[in-house]
Amino acid sequence: FGALGFEDARTFIASGNVLFAARSDDAVALEHRIERHLEQALGYPVATFLRSPAQLALRSELDEVCVRDREIFWMCRTRSTDSAVSGARLEKALSAPATVRNVTTVRKLALLAATDTRAG
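Heads up: these notes are all about the structure in this document. (Residues numbered from 1 in each chain as written. Predicted model: local features only at pLDDT ≥ 70, side-chain atom pairs only at ≥ 80, totals over all residues. Heavy atoms only, no water.)

### Considerations on the packing of aromatic side chains
Turning to step 1, where the next piece is worked out: According to the stated counting rule, one finds three aromatic pairs in the structure shown.
Turning to step 2, where the next piece is worked out: Measuring from ring centre to ring centre gives 5.9 Å for Phe1 and Phe6, while their planes differ by 40°; the resulting arrangement is tilted.
Turning to step 3, where the next piece is worked out: Relative to Phe20, the ring of Phe6 lies with its centre 4.4 Å away and its plane at 35°, an arrangement referred to as tilted. Taken as a pair, Phe6 in the segment before β1 (7-12) and Phe20 in strand β2 (residues 17-21) lie far apart in primary sequence, 14 residues in all.
Turning to step 4, where the next piece is worked out: For Phe6, a relative accessible area of 7% translates into the label buried.
Turning to step 5, where the next piece is worked out: Residue Phe20 is classed as partly exposed on the basis of its relative accessible area of 22%.
Turning to step 6, where the next piece is worked out: Among the aromatic side chains, those forming a connected cluster through ring pairs are Phe1, Phe6 and Phe20. (Phe/Tyr/Trp six-rings, centres within 6.5 Å; stacked < 30°, edge-to-face > 60°. Helix = DSSP H or I, 4+ residues; strand = E, 2+ residues; numbered from the N terminus. Buried < 20%, exposed > 50% of the residue type's maximum accessible area, 1.4 Å probe, protein only.)

Right under this line is the structure:
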């Protein structure tokens, strides 16, 4: 990444993730540039996905978001209407339909499913 002219390049564990600073904010062009460089250096194609700190974090004093398998867990420390996160924003970020349930509803559904003799 240093050879590509990026500043402050550093890896994160052995995950294939690299943090760096770039002068350009054209993510598509940067992805293609990095992919070409990695393929030349490694001899095989490497799919590359760039995310800005804002796209990654989804963490603030009010919100914390965690993705696990097919589920997205959103902890909102205030009323959801005061949050920057919403079901619509999640759908836009995922480019897929999404639905939102609060933890009380999820707990009640889980209890009902566990006690329903027809479930399973």
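Now that the structure has been shown, we can carry on.
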